[in-house]
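Architecture and fold: a report
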Amino acid sequence: MKKKKIGIILVCVILFVFIGVKVVLNVLVNDVNSIAVLSPNLANISDGMYVGEHSVTPVRVKVEAFVTEHKITDIKLIEHENGLGSKAEKIVNDVISEQSLEVDTVLGATVRSKCILKAVENAIEN
């Protein structure tokens, strides 16, 4: 009888943990889906270095975006608390080559990609 009670408690704990993880993931997905990234009109942007940041738990990004002659010439990740990995960092190369923030996110790194893109947008727009 004691083994049966332990089994029931164990199943309840596992179920509770599963539901908790599911709720956290749903919140994260909703947060990411609500991030709208828009490309700024670079014709209105003066030459210079601009700093911007954005975060969605567990990702936090701070960037320096460099604009020369109305083109994004460089993006440096100053801070990148990236949760599970850094493979999204290559998205800065796509932004520079496309001269747009409307680039595909890195497969398997959507949250990190969108945070980087939004940080660049915040830098240039502010």
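Before any of the text, the structure's been laid out above.
Here goes a summary of the coordinates provided. From a predicted model like this one, the values you see are computed outputs, not experimental measurements.

**Description of a nonpolar patch on the surface**
On the surface, Ile9, Val13, Phe16, Val17 and Val21 cluster together to form a nonpolar patch covering roughly 500 Å² of accessible area. Residue Val21 is classed as partly exposed on the basis of its relative accessible area, which comes to 45%.

**As for helix H3 (residues 110-125)**
With 16 residues, H3 extends 22 Å from end C-alpha to end C-alpha; this agrees with the ideal 22 Å at 1.5 Å per step. Within H3, 14 of the 16 residues are buried, which leaves it mostly tucked inside the rest of the structure.

**Details of the nonpolar core**
Membership of the largest hydrophobic core comes to 30 residues, with the highest contact counts inside it found for Val61, Val63, Ile75, Val95, Leu117, Val120 and Ile124. When contributions to this core are tallied by element, the ones reaching two or more residues are strand S1 (48-56), strand S2 (59-68), strand S3 (71-82), helix H2 (91-98) and H3. Of all the elements, H3 adds the most residues to this core, at eight residues.

**So, the environment of Asn126**
Checked against the element boundaries, Asn126 lands in the segment after H3. Here Asn126 falls in the exposed class, since its relative accessible area comes to 74%. Distance from Asn126 to Gln99, taken between C-alpha atoms, is 18 Å for residues 27 residues apart in sequence.

**Considering H2**
Buried within H2 we find Ile91, Val92 and Val95. Viewed along the axis of H2, the buried residues span an arc of 105 degrees, placing them on a single side of the element. Among the exposed residues of H2, those oriented more than 90 degrees off its buried face are Asn93 and Ser97. Elements in contact with the buried residues of H2: S3 and H3. Gln99 sits one or two positions beyond H2 and adopts a positive phi of about 55 degrees.

**Here we look at the packing of H2 against H3**
Two elements in contact, H2 and H3, have axes whose closest approach is 10 Å; the angle formed by their N-to-C orientations is 45 degrees. Regarding the angle of H2 to H3, the classification is oblique. You can see that H2 and H3 cross each other, and the crossing is right-handed. Only Ser113, Ile116 and Leu117 of H3 make contact with H2, whose side of the interface consists of Ile91, Val92 and Val95. Here the contact of H2 with H3 is built from residues that sort into five nonpolar, one polar and no charged.

**A closer look at the pairing of S3**
Sheet topology places S2 next to S3; ten bridges connect them, and they run antiparallel. The partner of Val63 across the bridge, within S3, is Leu77. The turn linking S2 back onto S3 is made up of two residues, and Glu69 within it adopts a positive phi angle of 50 degrees.

Conventions adopted
- Residues numbered from 1 in each chain as written.
- Predicted model: local features only at pLDDT ≥ 70, side-chain atom pairs only at ≥ 80, totals over all residues.
- Heavy atoms only, no water.
- Patch = residues over 30% accessible without salt bridge, like charges linked within 9 Å, V, L, I, M, F, W, Y side chains within 5 Å.
- Areas by Shrake-Rupley, 256 points an atom, 1.4 Å probe, with all protein chains shown as cover.
- Salt bridge = Lys/Arg side-chain N within 4 Å of Asp/Glu carboxyl O.
- Buried < 20%, exposed > 50% of the residue type's maximum accessible area, 1.4 Å probe, protein only.
- Helix = DSSP H or I, 4+ residues; strand = E, 2+ residues; numbered from the N terminus.
- Expected span 1.5 Å × (residues − 1).
- Core = buried A, V, L, I, M, F, W, Y, C linked by side-chain atoms within 4.5 Å.
- Arc of directions from axis to C-beta.
- Contact = heavy atoms within 4.5 Å.
- Axes fitted to C-alpha atoms, helices over the stretch in contact; angles between N-to-C directions.
- Parallel < 35°, antiparallel > 145°, perpendicular 65-115°, else oblique.
- Left-handed = near helix turned anticlockwise from the far one by under 90°.
- Nonpolar A, V, L, I, M, F, W, Y, C, P; charged D, E, K, R; others polar.
- Pairing = 2+ DSSP bridges.

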